[in-house]
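Inside the fold
Chain residues, written in single-letter form:
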Amino acid sequence: MPEVRPDLSVRIGPISMKNPLMVASGTHNLDYGELYPLDILGAYVPKTIRMHTWPGNPPPRTAEVPSGVVTSVGIPSKGWDAFVREDAPRLRALGIPVILSVVGKTEDEYAGMAERAGSLGFLAGVELNLSCPNIKAGGLAFGSDAKTAASLMDKVRKATSLPVIPKLPPDYGRVVEVAKACEDAGADAIAMINAPPAMVIDVDTRQPVLGNRTGGLSGPAIRPMAVYMIYRVYKAVRIPIIGMGGACDARDVIEFMLAGARAVALGTVNFFDPMAVPRALEGLREFTTTNGIDDINSLVGAAH
Ligand SMILES: Cc1cc2nc3c(=O)[nH]c(=O)nc-3n(C[C@H](O)[C@H](O)[C@H](O)COP(=O)(O)O)c2cc1C
C-alpha cells in the first residue's frame, strides 16, 4: 500500500504553499539550487531590493557570537532595473510562490516598488522590510511605531493588488500594536522577526567590530525572543504570521507554529548548514507522520 503522507500545505492569505517552509530574506540565494531543488520550498523570499543602487554598509559586516551572528550588511542593492533584468527571470523559473522583499527611504519608494512588483506578473506577494529608517520621520524605522507603519501599509495597499506582508522589527514594547495597525491598514500577513539591534566590541582595539558599529543579531540566539513575540502577536491579530528568528530544523519550525506562525523561514542557519532546508522538510514529514498529524495547520497556535 502506498504510504499516506500528512498534508503539509498552508495558506498565507491568498498564497497557497505546499509546505510551511520558506527562507528568510538575505540569508539564501538561488545558487543553493545546485545543492537541492529549490522548489521543495513552500515559498521563496529573495534578498530585499531597493528602487535605486546602494553600496551597503562599510566592512567588516559580520561578527560571530555564541549561537548567532551580528551583521550589518546595510542592504546593498543594484536597483530595480537590474533586478528585473538579472534576477526576475530566475525567480520566475522557480515555479513556487515568490514573495519580493522591498525597502525604501520614503513611503513613495515602497509604494512604487510594490506597484512595479505587481506588473511583473509572476510574484505571489510583497514583503515590506519595515526596519529601514524613514527619512521624513527623522530616521525612525517605519516599523517602530503603529502610526508610521499603518500609514506606509495604507499607501502600499493602494498601490498594488498583490498580497502585502509587512516584516516587523523586533521591538518588545511595540510589536503587538504595530502588527495590529498593519492588519487594520490591510496587511495580508505579518512576517517577524527581523534581527534585533546588537553590538560587539573588540576589547583589544576598544572599538566596535562592525564597520557600521551596530548590527542585527540573528541565529539560534534569538529564537526564544522570536517565539515569544510571535506568541504575543498571534493573540492580537487574525491574519497569518510568517515566523523566523533562529529556526534551524523541523522541531524549531514546529515550535514557531505552536506559538502561532503558519509558515516559517529558515535564515542564518543557511550559512552554516546549507542543507538545512531539505533536512527540515524531511524532519517535518517525519514528525507529522510519527505523531499522527494529518494536517500541519492543526499545530498553528496550539501552544495557546
Ligand atoms: C546576512 C543577513 C542578511 C539579511 N538581509 C535581510 C534583508 O535583506 N531583508 C530582510 O528583511 N531581512 C534580512 N535579514 C534578516 C533575516 O531575514 C531574518 O529576519 C533574521 O536574520 C532572523 O532570522 P534568522 O535568525 O533565522 O536568521 C538578514 C539577515 C542576515 C543574517
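An account of the accompanying structure is given in this report. (Residues numbered from 1 in each chain as written. Predicted model: local features only at pLDDT ≥ 70, side-chain atom pairs only at ≥ 80, totals over all residues. Heavy atoms only, no water.)

**Remarks on the site of the ligand**
- Around the ligand, 21 residues are found, and the nearest of them are Ser25, Thr48, Gly219, Gly246 and Thr268.
- Threonine 48 has a polar side-chain atom sitting 2.5 Å from a nitrogen atom of the ligand.
- Coverage of the ligand by the protein chains reaches 94% of its 600 Å² of free accessible surface.
- Grouping the constituent residues of the shell around the ligand by class yields 6 nonpolar, 13 polar and 2 charged. (Near = heavy atom within 4 Å. Polar contact = N/O pair within 3.5 Å; in protein donor to acceptor, adjacent residues only side chain to side chain. Areas by Shrake-Rupley, 256 points an atom, 1.4 Å probe, with all protein chains shown as cover. Nonpolar A, V, L, I, M, F, W, Y, C, P; charged D, E, K, R; others polar.)

**Some points on the pairing of strand β6 (residues 68–71)**
- Where strand β5 (residues 62–65) and β6 come together, 4 bridges link them in antiparallel fashion. From the neighbouring strand, glutamate 64 faces β6, where its bridge partner is valine 69.
- Hairpin geometry of β5 and β6 is characterised by an intervening segment of 2 residues between the two adjacent antiparallel strands and by a positive phi of about 60° at serine 67.
- Taken together, the 3 bridges between β6 and strand β17 (residues 214–218) define a ladder with antiparallel strand orientation. Directly across from valine 70, in β17, lies its bridge partner leucine 217. (Pairing = 2+ DSSP bridges. Helix = DSSP H or I, 4+ residues; strand = E, 2+ residues; numbered from the N terminus.)

**As for the side chain of histidine 28**
- Tracing the backbone through its elements, the reader meets histidine 28 in the loop between β3 (21–23) and β4 (53–54).
- By relative accessible area, which is 7% here, histidine 28 ends up buried.
- A distance of 3.0 Å separates a polar atom in the side chain of histidine 28 from a polar atom in the side chain of tyrosine 44.
- Among all residues touching histidine 28, those that are not within four sequence positions of it are Val23, Tyr36, Leu38, Tyr44 and Asn270. (Buried < 20%, exposed > 50% of the residue type's maximum accessible area, 1.4 Å probe, protein only. Contact = heavy atoms within 4.5 Å.)

**Comments concerning the sheet that holds β17**
- Read from one edge of the open sheet, 4 strands run β5-β6-β17-β14, paired in antiparallel fashion. Among the strands making up the open sheet, the edge pair consists of β5 and β14 (197–199). The sheet shows a mean angle of 40° between the axes of neighbouring strands, taken without regard to direction. (Axes fitted to C-alpha atoms, helices over the stretch in contact; angles between N-to-C directions.)

**Comments concerning helix α4 (residues 175–184)**
- For α4, the buried fraction is high: 7 of the 10 residues fall into the buried class.
- Within α4 the residues assigned to the buried category are Val175, Val176, Val178, Ala179, Ala181, Cys182 and Glu183.
- Against the buried residues of α4 lie α3 (146–159), β12 (164–167), β13 (190–192) and α5 (223–236).
- After α4 finishes, the residue glycine 186 shows a positive phi value of roughly 105°.

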